[in-house]
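For reference, the chains in residue letters:
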Amino acid sequence: MSTPALHPDTAAVNGVRLHFRRGGEGPPVVLLHGWPQTGHCWRHVAGPLAADHIVIVPDLRGYGASDKPTAGFDKRTMAADVSALVRHLGFDRVAVVGHDRGGRVAHRWALDRPDEVSRLAVLDIAPTRATWQRMDAELGAKYWHWLFHLQPDLPERLAGADVEGYLRYFLERWTYAREGLEPEAIAEYVRAFSQPGALRCGFDDYRADPVDAEHDEADHAAGRRVIQPLLALWGAEGVMGTTLPLLDLWREYADDVHGRAIERCGHFVPEERPDEVVDELRAFFTGAD
């Protein structure tokens, strides 16, 4: 059976133009990508989900075909972008799935606008605050890029000299098979991050971490937690899955947490094991609140 097609569109919301794809029928679900990727990372997941859901796949602020502004990369603003997009499309409440940096946007969206998010799925991330608190030598050696990407100007200069080489370092080393993603996908990400401003925006996403930390600390002090059902999935062979107790950490920040490791999988869960992701998400979306 063929899967429903997703069609591209653009919307001007929250001061930026966001590129997105939309398709399917049923309850709405939003899929948020991470770095160094775009909405293209959901290509194996979005179609099957669109068989029984309206699927909305944006390129986040600064990524892909969306605008490349010089500000607004804190997760509160990025969450406000996608909130405005779904309201622009006529939806009041959606399920949200985020991978990598998109999971951090999704987490902030669920905290800031709990009435808009019915269910939250986070793929291969721990809460940002918990990750920084555990940044010891072991985790720092694996997550060195967080510290590098925080630096002003330097990452653009060095990575810009060989965009493909820099992206391939992550896209190959962070997969379970160590063969990387399919060549067409790598070519798409290299094309996206070779656009003017794209590298800078991706690094600005990380440079917003000090502002994000202020927001996270304020929530923690106020006792704000994720109240929606939360599904955490991660690659059993990825950095997070081999370093941090992910379910335990998410239970420190959310009330109703379930999830599991996906075997023979690295960091890029929606691309390495899309069938398992679709099955897990379908079961999660149809579960009782």
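Small disclaimer: the values here were computed from a predicted structure and weren't measured. (Residues numbered from 1 in each chain as written. Predicted model: local features only at pLDDT ≥ 70, side-chain atom pairs only at ≥ 80, totals over all residues. Heavy atoms only, no water.)

Colleague: Looking at this structure, how should I read the overall build of the protein chain?
Modeller: Per the secondary structure count, the protein chain includes 15 helices and eight strands. The C-alpha radius of gyration of the protein chain comes to 17 Å, within 12% of the 19 Å expected for a compact globule of 289 residues. Across its three principal directions, the C-alpha atoms of the protein chain cover 45 × 40 × 40 Å. Counting all 289 residues of the protein chain, 57% fall into the buried class. (Helix = DSSP H or I, 4+ residues; strand = E, 2+ residues; numbered from the N terminus. Rg over C-alpha atoms; globule rule 2.2 N^0.38 Å. Buried < 20%, exposed > 50% of the residue type's maximum accessible area, 1.4 Å probe, protein only.)

Colleague: Quick question: what am I supposed to make of the pairing of strand E3 (residues 28–32) here?
Modeller: Remark: a regular strand shows side chains that alternate across the two faces of the sheet. Burial analysis of E3 places five of its five residues in the buried class, the great majority of the element. The two faces of E3 match: Pro28, Val30 and Leu32 on one face and Val29 and Leu31 on the other face are all buried. Here E3 pairs with strand E4 (residues 54–58) via three bridges, running parallel. Across the sheet, residue Pro28 finds its bridge partner in E4, namely Ile54. As paired strands, E3 and strand E5 (residues 94–99) are joined by four bridges and run parallel to one another. Counterpart to Val30 in the pairing with E5 is Val96. (Pairing = 2+ DSSP bridges.)

Colleague: Before we go on, may I ask you to explain the sheet that holds E4 in this structure?
Modeller: Whether parallel or antiparallel, the strands of a sheet pair through hydrogen bonds between backbone atoms. Spatially, E1-E2-E4-E3-E5-E6-E7-E8 is the arrangement adopted by the eight strands of the open sheet, whose pairing is mixed. Strands with a single pairing partner mark the edges of an open sheet, and in this sheet they are strand E1 (7–13) and strand E8 (254–262). On average, adjacent strands in this sheet sit at an angle of 25° to one another, irrespective of strand direction. (Axes fitted to C-alpha atoms, helices over the stretch in contact; angles between N-to-C directions.)

Colleague: What am I meant to see in the pairing of strand E2 (residues 16–23) here?
Modeller: Looking at chain direction, E1 and E2 are connected through seven bridges and run antiparallel. Looking across to E2, one finds that Ala11 is bridged to Leu18. Connecting E1 to the next strand, E2, in antiparallel fashion are two residues, including Asn14 with a positive phi near 55°. Bridge count between E2 and E4: four bridges; the pairing is antiparallel. Bridging from a neighbouring strand, Arg21 pairs with Val57 of E4.

Colleague: Quick question: what am I supposed to make of the nonpolar core here?
Modeller: The nonpolar side chains of soluble globular proteins are, as a tendency, buried together. Counting residues in each nonpolar core, the largest one holds 98 residues, and the members touching the most others are Leu31 and Trp109. When residues no more than four places from it in sequence are discounted, the contact partners of Trp109 are Val30, Leu32, Ala79, Val82, Ser83, Val86, Val94, Val96, Pro114, Glu116 and Val117. (Core = buried A, V, L, I, M, F, W, Y, C linked by side-chain atoms within 4.5 Å. Contact = heavy atoms within 4.5 Å.)

Colleague: I tried to follow helix H8 (residues 163–173) on my own but got confused; where do I start?
Modeller: Think of an α-helix as 3.6 residues a turn; residues three or four steps apart then line up on the same face. All of the buried residues in H8 are Val163, Tyr166, Leu167, Phe170 and Leu171. Down the axis of H8, the buried side of the element spans an arc of 125°, and every buried residue falls inside it. For H8, the elements touching its buried residues are helix H6 (144–149), helix H7 (154–160), helix H9 (183–193) and helix H10 (198–207). (Arc of directions from axis to C-beta.)

Colleague: Just to check I follow, could you spell out the packing of helix H2 (residues 75–88) against helix H3 (residues 101–112) for this structure?
Modeller: To characterise two packed helices, one gives the angle between the axes of the helices and the distance between these axes. Two elements in contact, H2 and H3, have axes whose closest approach is 8 Å; the angle formed by their N-to-C orientations is 75°. The orientation of H2 relative to H3 falls into the category roughly perpendicular. In this structure, H2 contributes Lys75, Arg76, Met78, Ala79, Val82, Ser83 and Val86 to the contact, and H3 contributes Arg101, Arg104, Val105, Arg108, Trp109 and Asp112. (Parallel < 35°, antiparallel > 145°, perpendicular 65-115°, else oblique.)

Colleague: Sorry if this is basic, but what is going on with the pattern of salt bridges here?
Modeller: Summed over all chains, the structure comprises 28 salt bridges. Between Glu182 and Arg43 there is a salt bridge, with the nearest N and O atoms lying 2.9 Å from each other. With Glu182 in the loop between H8 and H9 and Arg43 in helix H1 (residues 43–49), this pair connects stretches of sequence that are 139 residues apart. Owing to a relative accessible area of 28%, Glu182 belongs among the partly exposed residues under this scheme. Overlapping salt bridges bring together Arg76, Arg108, Asp112, Asp216, Asp219 and Arg224 as one network. (Salt bridge = Lys/Arg side-chain N within 4 Å of Asp/Glu carboxyl O.)

Colleague: Help me understand the packing of aromatic side chains, please; the structure alone is not making it clear to me.
Modeller: When we look at a pair of aromatic rings, we describe it by the centre distance and by the angle of the planes. Following the criterion strictly, the structure yields 19 aromatic pairs and no others. A centroid spacing of 6.0 Å and a plane angle of 85° characterise the contact between Tyr63 and Phe193, whose relative ring orientation is edge-to-face. Of this pair, Tyr63 sits in the loop between E4 and H2 while Phe193 sits in helix H9, and the two are 130 residues apart along the sequence. For the pair formed by Tyr63 and Phe193, the shared burial category is buried. Positioned above the aromatic ring of Trp146, the side-chain terminus of Arg101 is 5.9 Å from the ring centre. Over the ring of Tyr206 we find Arg101, and its NZ or CZ is 3.9 Å from the ring centre. (Phe/Tyr/Trp six-rings, centres within 6.5 Å; stacked < 30°, edge-to-face > 60°. Lys NZ or Arg CZ within 6 Å of the ring centre and 35° of its normal.)

Such coordinate-based values are descriptive only and should not be taken to indicate function.
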